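Reading the structure
The lines below spell out each chain.
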Amino acid sequence: MTVGQKFDYEVVSSFRPYSLVGVGIAAAISQAQNTPSGWGQGWGAYGERYGSSFGQLLTGQTIAFAIEAARHEDPRYIRSLRTGVKNRFFDAIKHTVIIHKDDGGTTLAVGAIVGDFGGGLISRTWRPSPDNTVGDGLQAGALRFGIDFGISVGKEFWPDVRRKLFHK
């Protein structure tokens, strides 16, 4: 991938509909849990939560892009060549931590990992007390990292599910 393609893959994709819907779902969950409680309830509070969730995503994706470009990491998911659900599931999980490099080798997914935790930590700077601690930021980063696991599993198996459901 070129640097421009990586920018599109990581940063520009934050503005695509599937990302904006995901941010909306995260904000709705936070609204239902009244987290952070300092924002209260109502549409204005939902807007604060939406903006915060989007800011965390965009910050994390921007950090990931910068590191991936500098380290020549290829952030794209490459489906497993192995057979069997167990093998493919393991490969999907492994891909969240080990990714391909531009030259075809593999490396630790430093961009994605630092992006997830960096976005979680930086997003605490605009949140009200008491929900703005380092521990809260690390928890947010860990949640985003867990979501990445789920996304990898989805990318591995969705083409097969789609083919069976829609006969394509």
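It is worth spelling out the sheet that holds strand 1 (residues 73-74) at this point. Across the sheet, which stays open at both edges, the three strands sit in the order 1-2-3 with antiparallel pairing between neighbours. Each edge of the open sheet carries a strand with a single partner, namely strand 1 and strand 3 (106-108).

Moving on to unusual backbone geometry. At the junction of Thr 35 and Pro 36, the peptide bond is cis and its omega measures out at -10 degrees in the coordinates. Positionally, Pro 36 belongs in the loop between helix 2 (17-33) and helix 3 (43-71). The peptide bond linking Ser 129 to Pro 130 adopts the cis configuration, its omega dihedral lying at 5 degrees. With respect to the helices and strands, Pro 130 occurs in the loop between helix 5 (110-122) and helix 6 (134-166). One non-glycine residue, Asn 34, lies in positive phi territory at about 55 degrees. Along the chain, Asn 34 turns up in the loop between helix 2 and helix 3. Overall, Asn 34 belongs to the partly exposed group, its relative accessible area being 28%.

Pairs of packed helices are described in terms of their axes, by the angle between the two and the distance that separates them. Interaxial distance between helix 4 (residues 85-95) and helix 6 falls to 7 Å at its minimum, and their mutual angle equals 140 degrees. Relative to helix 6, helix 4 is oriented oblique. Considering only the axes of helix 4 and helix 6, their crossing is right-handed. Listed contacts from helix 6 to Val 85, Arg 88, Phe 89, Ala 92, Ile 93 and His 95 of helix 4 are Phe 149, Ser 152, Val 153, Glu 156, Phe 157 and Asp 160. The class makeup of the residues in the contact of helix 4 with helix 6 is seven nonpolar, two polar and three charged.

This part covers the packing of helix 3 against helix 5. Where helix 3 meets helix 5, the closest approach of the two axes is 7 Å, and the angle between their N-to-C directions is 150 degrees. By the angle between their directions, the pair helix 3 and helix 5 is classed as roughly antiparallel. The hand of the helix 3/helix 5 crossing is right-handed. Residues Gln 56, Thr 59, Gly 60, Ile 63, Ala 64, Ile 67, Glu 68 and Arg 71 of helix 3 form the contact with helix 5, whose participating residues are Val 110, Gly 111, Ala 112, Val 114, Gly 115, Gly 118, Gly 119, Gly 120 and Ile 122. Taken together, the residues of the contact of helix 3 with helix 5 sort by class into seven nonpolar, eight polar and two charged.

Rules of the game
Think of each chain on its own: its residues are numbered from 1, step by step along the sequence as written. Only residues with pLDDT of at least 70 get local features here, since the model is predicted, and only at 80 or more are side-chain atom pairs given and counted; chain-wide, interface and lining totals rely on the full set of residues. Side-chain measures here rest on the full set of heavy atoms in the structure, leaving out hydrogens and waters. Two strands are said to pair when DSSP picks up at least two bridges between them. Strands here are runs of E lasting at least two residues and helices are runs of H or I lasting at least four, both read from the DSSP assignment and numbered beginning at the N terminus. Buried, partly exposed and exposed residues are distinguished by accessible area as a fraction of the type maximum, computed with a 1.4 Å probe on protein chains only: under 20%, between the cut-offs, and over 50%, respectively. Axis lines are fitted to C-alpha atoms, over the contacting stretch for helices. Their N-to-C directions set the angle, which ranges from 0 to 180 degrees. An angle below 35 degrees is read as roughly parallel, one above 145 as roughly antiparallel, one from 65 to 115 as roughly perpendicular, and any other as oblique. The hand of a helix crossing depends on one turn: near helix anticlockwise from the far one by less than a right angle means left-handed, and clockwise means right-handed. Note on contacts: a residue pair qualifies if any of its non-hydrogen atoms lie within 4.5 Å across the two residues. All amino acids are sorted into three groups, where Ala, Val, Leu, Ile, Met, Phe, Trp, Tyr, Cys and Pro are nonpolar, Asp, Glu, Lys and Arg are charged, and the leftover types, Gly among them, are polar.

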